[in-house]
Amino acid sequence: MQETVISRERDFGTPARTSSQTVTLVIDGRTVTVPEGTSVMRAAAEAGIAVPRLCATDSLEAFGSCRLCLVEIEGRRGYPASCTTLVEEGMVVHTRTDRLQKLRRNVMELYISDHPLDCLTCPSNGDCELQEMAGVVGLREVRYGFEGASHVADCADKSNPYFVYDPSKCIVCSRCVRACEEIQGTFALTVQGRGFNSRIVAGQDDSFLESDCVSCGACVQACPTAALEEKNVYQMGLPVESIVTTCAYCGVGCGFKAEVQGQQVIRMTPWKDGKANRGHSCVKGRFAWGYATHKDRITRPMIRRSIDDPWQEVSWEEAIRYAASEFRRIQQQYGRDAVGGITSSRCTNEETWLVQKLVRAAFGTNNVDTCARVCHSPTGYGLKQTLGESAGTQTFDSVMHANVIMVIGANPTDAHPVFASRMKRRLRKGARLIVVDPRRIDLVAGPHVRADYHLQLRPGTNVALLTALAHVIVTENLVDEDFVAARCEGDSFRQWRDFVARPENSPEATESITGVPAALVRGAARLYATGGNGAIYYGLGVTEHAQGSTAVMAIANLAMATGNIGREGVGVNPLRGQNNVQGSCDMGSFPHEFPGYRHVSDDAVRASFEAAWGVPLQSEPGLRIPNMFDAALSGTFKGLYCQGEDIVQSDPNTQHVAAALRAMECVVVQDIFLNETAKYAHVFLPGCSFLEKDGTFTNAERRISRVRKVMEPLSGMADWQITQALSNALGYPMNYSHPSEIMDEIARLTPTFAGVSYEKLDRLGSVQWPCNEQAPEGTPVMHVGEFVRGKGRFFITRYVPSDERTSSRFPLLLTTGRILSQYNVGAQTRRTPNVVWHDEDMLEIHPQDAQDRGIVDGAWVGVRSRAGETVLRAKITERVAPGVVYTTFHFPESGANVVTTDSSDWATNCPEYKVTAVEVMAVHEPSAWQQRWSQFSVKQDRLLRERMRKRDEDLVLTGK
Amino acid sequence: MDVANLIRMANRIGAFFEAMPDHAEAVNGIVQHLRRFWEPRMRVALLDFLEQHPDGCQGEICLMPLVREAVAQHADELRPAAARAT
C-alpha cells in the first residue's frame, strides 16, 4: 500500500456518523444520501464536493470558527457554516456562489493580514491548508496592509524535542486545542486572550515541555499550517513517499505511515485507517523511532570464545557456522535438551515462527519460550482454562459501548496511551470507572475523568479482592442466571458459587487483607454487575504475581457470572504489553504448546507438524525461561539462542540470571544493540529494527497487521534470514524467499490463522484471528454464541498469600511499572530524545515512610530485598499508599531487578515483579551490585570498542 | 535442578488445587499440571527426591501432603517415557 507521492488523505471535514437512519439532500445539483446527523460539509465531501475549510477536520467535532465553509441553503436566511449545520431531508444546498466566494475571500484576507508571507521558505510549503485555501478562494490582495499590529514577530517554542510551536504561523483555528481534548484527553492546550489577542498556549502559558503536554502529536497532526511542525521537516524538508506499517512499541499496535525521502524517515504519522488507533498516536510511536539509526547500532556479526575476550568482527558465514557448531557440540556433549531458544516479542510473526521451528525441528527440543513468560503467561493459562482461548475477547473499539469500565492492575495512560485516550473519550461521555490499583494512577483523577471507585489494595492481594467482589455478586443475587445456565458448566458454577459465598470471602472479612474498605468493594461489585455493559481491562498488575493465573481466572469468573462476555462493550481484555507478544505466543513460542495453543502431547497436532516439517517432534513440554536458568546453574542447559529479548535487564533476580548465563557455554544474541544480555554472549548476530522488517505483528486485539520495510537491513540480513541461515547450518533446511511464504505455512498449519494471507491483509488492512472458513474476514468479538471450549468453566480462586511477605527486616512492599516516555528496558527509548522526560528510574515513596526513615525528596536511597540491593533517588509522593514503594525499570544501572525475587506465578512461573518485600534507607554511595555492574559494563564496552579499533587498524594496514 | 525450588513450586500448585472440594479432582489437577507444564528433568528431579525422601522433606522445607500424595500415587505417569524405558 505504497503511496509514491504524498497526497493529503481525504479529509471529509467532520466525523462520520453511524446512524442507520438516512437523509437525502441535494448539494450543487447532486443528490446525496448520508446517515442522519451528518454535517452538510461532510455530505458534500462524500458527493465529491470540497467545501473550503480551515477549522474543520474529520478527526474532530465541528467548531464553526473559521467562517470559511459558509454555504447557501434554499429557504434559509444568511450563510450558515456547513460544518455545524446538519443535513435535513430535502435540503437544497449551494456551496459556491459569487456571494459566498466574496465572503470567503474576505475571511482569508483577514487571516493573511496577520500571517507571515514567507511561504517559499516555510517548512509547510506545499503542505499547508492555509496556502491551499488562499489559492482556492482566489485571494489576490490584502487591503489592510501589513504595517498594523500583528503576531508575525511572535517567538517560537522549541522546548519539545520533536516539534516546534511557532505562534506567528498560527491562525487560532483551535484544532490543536480540540485534538488535545477530544482525541488525546489531556487538555494541555487552551486559547488565551480574546479577539485579536487570542493565542494558543500550553498550560498556563508554559512552554510545551513544562506543560501537561504528553507529546502525542495529535496537535501537530491536526494543525493546518506550520504553527505546529515536526523539527525533522524543518531540517530535512517534506517527505515525498509514505509506507503504511505498524508501530513496534506497545500492544496497541498503531498503524503508521512512515513518510520518507528515499530510505530516510522524515516522520511517522498515524494512519487514519489503522483500526487499532484510528489516526492517533503517542510520543513513542510518533516520534521516538530514531533509535533505529542510532550510533550504537551494531551492524556486523561478532564472535568470541569467552565473555572476557574482545569481540571479533566476522562475516555472516563465519558467525553462523560458529554458532551452529557450538550448539551441535553442546548437544553431543550434554544431550539434545541442553540447548534452547527465546523468541522475540519485538520481531514479526514470521520471524518468531522460524525461531520456534528451528528450536523444535533443528535443535529437536521444546526448550523455547518468549517474553510473555514474564508478563501475560498467566493470561494464556487462565483464559484457556476458563474460556478456551488464550486471548482477549474484544476489539479496542468495544470500549465505546461499555457502561462500566473496570481497570485492574493496569496503567493505560502510561502503557497503552492510544487506547487509554479512547477509553477516556468513553468515560467523558458518562461511562463509570472502577480502578483497582495500589497506586493512584492518572486515570483515578484526570481532566474530566474521575474513578467512581478506586480500590487501593495492598500489593499481592488481588485474588482476595476479586473473590470478595464475586462474594457480593453471588450473595446479593446479582448473577446473570440466564447467561450462566445457557453458557457455562453447571457443576463448576455451583462449586464456585458455594465457595465465594463463604463468609471468609466477604468484603468485610477480606478488608484486613486487602486494605480496601468493605463498603467500596460492595459498591464496586454492584456497579459492575448492574451498571450495564461491564468491561474489564487488566495488565501486569494482575499477572505478575504468585497468584497471577488465579487472578485471571477470577476475572473470567466475574465476567461469566454477570453475563459480560460475548458481545460489544463487555469482555475480558488483557492489555498485552509488547508490539508482538500476542503474535509470539500465537506462533508457538511456549515450551508446552505448538502454534495455535495446542499442547505438544496432542498426537494429531504433533503429527501434522511432523508431516509438514519432516522430522519427529518431542511430546514433552520444554523448559520455561526461569527453568532454563535453573538448569544452567545445575549444569544441564548450556546453549541459548536469544532473539530480541534482554533477559538480564528484564527478568527478575538479575544476579541469578547473570550467573546462569555465565554457566552456559554458548549464548547467541540476535539484537540491534549490545544490550545487557549481549554482554554475556559469545555470538552477536546484528538484528533489524521494525523499519527494516517485512512481516506482521499481532496486537492485543488479536489484530494481525502488516509491517512494511522502509529501509534495507543495516546489517545486510533480515532477522528471518538470519534464523534461516542458522537452521541450514544446523542441518535443517529452510528455503523461504519472502515472509509471505512463512505466513502461508502458518496458515496451513494453524487453524485460527487458516484464512490469513498477505493478499488479504493488503486488501483489508488487518484481520483479527480466528480468521478461517467460519470467519473469512476475521473475528472482532470472541465467544459470541458459545465459548471456544464450549461451555465456560468457573474455577475456585482461593487467596493464598505470596511467599513475599513483609517482615521486620523488609517492612515495605515494592511494586514496579512503566512510564509513558520510556519503553520497558529502554533499549529503544533511551536512545531517543525521550530521555528529556524521564532520564532515570526513581523510587516513589509515601511521605510518612520517607519521614520515618529520614529520607528527603531527591535523596539517594538503598532498596534492599532478600535477593539483592540497589540504589535509586527518592521521589516523595502520595500516589503510593504508606507501606508501598514503586519504581520503573527502564535504565540498566537502576538495577530494579536486582531486587525482585524468584517468587512467581504457580501455574506459569511468571515472576512476581509486583510484590517484593524490601527495606529502604538513606545511603551515600551506589550499591555493591551497581559498583560491580558499572565495572562489568565498562569492561564490556571496552571489549566492544576494541573490536572497532581492530577493524579500523586493519583498514589502515590493508588500505581498504 | 534446585530441589528446594521445585518443592516450593509444587506446593504452590498444590495450594491452588487444594481448594477444590473434590479430592480426586484436586489430585488429578496437580498430576496433569505437572505432566503438561513441567519439563522432564524437573519431574525426574522431583520424583527422585520423593523416592529418596518419602516424607517429602528436605531440611525444613516439605512437600505439602496433597502434592506428596499426587506425585507418589502417579509416579509412573509423571516419569517421562524415556526415563521409564531405562
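Look a little higher up for the structure.
The present account deals with the structure reproduced in this document. (Residues numbered from 1 in each chain as written. Chains lettered and ligands numbered in written order. Predicted model: local features only at pLDDT ≥ 70, side-chain atom pairs only at ≥ 80, totals over all residues. Heavy atoms only, no water.)

Some remarks on the interface of chain B and chain A
Reasoning step 1: In this assembly, 27 residues from chain B lie in contact with 35 residues from chain A.
Reasoning step 2: When the buried surface of chain B facing chain A is broken down by residue, Arg 12, Phe 16 and Phe 37 of chain B rank first, second and third, together holding 29% of it.
Reasoning step 3: Applying the counting rule to chain B against chain A returns 10 residue pairs in polar contact (both at pLDDT 80 or more).
Reasoning step 4: If you list the elements that add at least two residues to the side of chain B that touches chain A, you get helix H1 (3-17), helix H2 (23-37) and helix H3 (40-52) of chain B.
Reasoning step 5: Residues of the side of chain B that touches chain A, tallied by class, amount to 15 nonpolar, 2 polar and 10 charged. (Contact = heavy atoms within 4.5 Å. Buried area = accessible area lost by both parts, 1.4 Å probe. Polar contact = N/O pair within 3.5 Å; in protein donor to acceptor, adjacent residues only side chain to side chain. Helix = DSSP H or I, 4+ residues; strand = E, 2+ residues; numbered from the N terminus. Nonpolar A, V, L, I, M, F, W, Y, C, P; charged D, E, K, R; others polar.)

So, helix H10 (residues 377-386) of chain A
Reasoning step 1: Here H10 of chain A lies mainly inside the structure; 8 of its 10 residues are buried.
Reasoning step 2: Here H10 of chain A has its buried residues at Ser 377, Pro 378, Thr 379, Gly 380, Tyr 381, Gly 382, Leu 383 and Thr 386 of chain A.
Reasoning step 3: If you follow the buried residues of H10 of chain A, they end up packed against strand S22 (534-538), helix H18 (540-543), helix H19 (548-561) and strand S23 (571-574) of chain A together with H1 and H2 of chain B.
Reasoning step 4: In the stretch just after H10 of chain A, Gly 388 of chain A is the one whose phi turns positive, near 105 degrees. (Buried < 20%, exposed > 50% of the residue type's maximum accessible area, 1.4 Å probe, protein only.)

Description of the state of the cysteines
Reasoning step 1: Here the structure, examined in full by the defined rule, presents 1 disulfide over all chains.
Reasoning step 2: The disulfide bridge from Cys 57 of chain B ends at Cys 62 of chain B, spanning 1.9 Å between sulfur atoms. Its torsion about the S-S bond being 110 degrees, the disulfide of Cys 57 of chain B and Cys 62 of chain B is classed as right-handed.
Reasoning step 3: Counting only cysteine sulfurs, Cys 170 of chain A is the nearest neighbor of Cys 176 of chain A, a cysteine outside any disulfide, at a range of 6.1 Å.
Reasoning step 4: On the basis of relative accessibility, which here comes to 8%, the residue Cys 176 of chain A falls in the buried class.
Reasoning step 5: Cys 347 of chain A supplies the cysteine sulfur nearest to Cys 688 of chain A, a cysteine that is in no disulfide, at a spacing of 8.3 Å. (Disulfide = S-S within 2.5 Å.)

Some thoughts on the pattern of salt bridges
Pairing between side chains becomes possible if they bear opposite charge and their charged atoms approach one another.
All names here are of chain A.
Reasoning step 1: By the definition in use, this model includes 66 salt bridges over all chains.
Reasoning step 2: As a salt-bridge pair, Arg 96 and Asp 98 come within 3.6 Å of each other at their nearest N and O atoms.
Reasoning step 3: For Glu 489, the salt bridge goes to Arg 789, with nearest N and O atoms at 2.9 Å. Of this pair, Glu 489 sits in the loop between helix H14 (481-487) and helix H15 (490-500) while Arg 789 sits in the loop between strand S31 (766-768) and strand S32 (812-817), placing them 300 residues apart in sequence.
Reasoning step 4: A residue is classified by how much of its surface remains accessible, and Glu 489, at 28% relative accessible area, is partly exposed.
Reasoning step 5: Since its relative accessible area comes to 32%, Arg 789 is described here as partly exposed. (Salt bridge = Lys/Arg side-chain N within 4 Å of Asp/Glu carboxyl O.)

Some thoughts on the sheet that holds S22 of chain A
Residues and elements named next belong to chain A.
Reasoning step 1: Strand order in the open sheet formed by 5 strands is S21-S18-S17-S22-S23, and the pairing between neighbours is parallel. Edge positions in the sheet fall to strand S21 (453-455) and S23, since each has one partner strand and no second. Taken pair by pair, the neighbouring strands of this sheet meet at an average axis angle of 15 degrees, ignoring direction.
Reasoning step 2: Here S22 pairs with S23 via 4 bridges, running parallel. Its bridge partner being in S23, Tyr 537 is matched across the sheet by Asn 573.
Reasoning step 3: Each of strand S17 (404-408), S22 and S23 is contacted by H19, which is oriented at about 170 degrees to S22, the strand it contacts most. (Pairing = 2+ DSSP bridges. Axes fitted to C-alpha atoms, helices over the stretch in contact; angles between N-to-C directions.)

Section: the sheet that holds strand S37 (residues 916-922) of chain A
All names here are of chain A.
Reasoning step 1: If you walk around this closed barrel you meet the 6 strands as S32-S36-S33-S35-S34-S37, and the pairing is mixed. For this sheet, the mean inter-axis angle between neighbouring strands, taken without regard to orientation, is 45 degrees.
Reasoning step 2: In terms of strand pairing, S32 meets strand S36 (residues 884-888) through 5 bridges, oriented parallel. Within S36, the residue paired with Gly 817 across the bridge is Thr 888.

Quick look at the nonpolar core
All names here are of chain A.
Reasoning step 1: In terms of nonpolar packing, the biggest core is built from 71 residues, with Phe 163, Phe 208, Leu 228, Ile 405, Met 423 and Leu 433 touching the most fellow members.
Reasoning step 2: With 4 residues, helix H12 (residues 417-428) is the largest single contributor of residues to this core.
Reasoning step 3: Discounting residues that sit within four places of it in the chain, Phe 163 has contacts with Asp 157, Phe 208, Cys 213, Ser 215, Cys 219, Val 220, Leu 228, Glu 229, Glu 230, Lys 231 and Phe 287. (Core = buried A, V, L, I, M, F, W, Y, C linked by side-chain atoms within 4.5 Å.)

A look at unusual backbone geometry
Residue and element names in this part refer to chain A.
Reasoning step 1: Between Trp 769 and Pro 770 the backbone carries a cis peptide bond, its omega angle lying at 0 degrees.
Reasoning step 2: For Pro 770, the position within the fold is in the loop between S31 and S32.
Reasoning step 3: Of note in this structure, Phe 187 is not a glycine but carries a positive phi near 55 degrees.
Reasoning step 4: By the secondary structure assignment, Phe 187 is in the loop between helix H4 (175-184) and strand S7 (189-192).
Reasoning step 5: Accessibility expressed as a relative area gives 24% for Phe 187, which makes it partly exposed.
Reasoning step 6: Backbone geometry places Asn 824, a non-glycine residue, at a positive phi of 50 degrees.
Reasoning step 7: As for its placement among the helices and strands, Asn 824 is situated in the loop between S32 and strand S33 (842-845).
Reasoning step 8: A residue is classified by how much of its surface remains accessible, and Asn 824, at 11% relative accessible area, is buried.

Let's talk about the packing of H10 of chain A against H19 of chain A
All names here are of chain A.
Reasoning step 1: For the pair H10 and H19, the least separation of the axes is 8 Å and the interaxial angle reads 40 degrees. With respect to each other, H10 and H19 are oriented oblique. When you trace H10 past H19, the crossing you get is right-handed. In this structure, H10 contributes Pro 378, Thr 379, Tyr 381, Gly 382, Leu 383, Gln 385 and Thr 386 to the contact, and H19 contributes Gly 548, Ser 549, Val 552, Met 553, Ala 556, Asn 557 and Met 560.
Reasoning step 2: In terms of residue class, the contact of H10 with H19 is made up of 7 nonpolar, 7 polar and no charged. (Parallel < 35°, antiparallel > 145°, perpendicular 65-115°, else oblique. Left-handed = near helix turned anticlockwise from the far one by under 90°.)

Some points on the pairing of strand S34 (residues 860-864) of chain A
Residue and element names in this part refer to chain A.
Reasoning step 1: Sheet topology note: the S34/strand S35 (residues 869-876) ladder contains 5 bridges and is antiparallel. When the sheet's bridge partners are listed, Gly 862 is paired in S35 with Val 871.
Reasoning step 2: In sequence, S34 turns back onto S35 through a hairpin of 4 residues.
Reasoning step 3: With 4 bridges joining them, S34 and S37 adopt antiparallel strand pairing.

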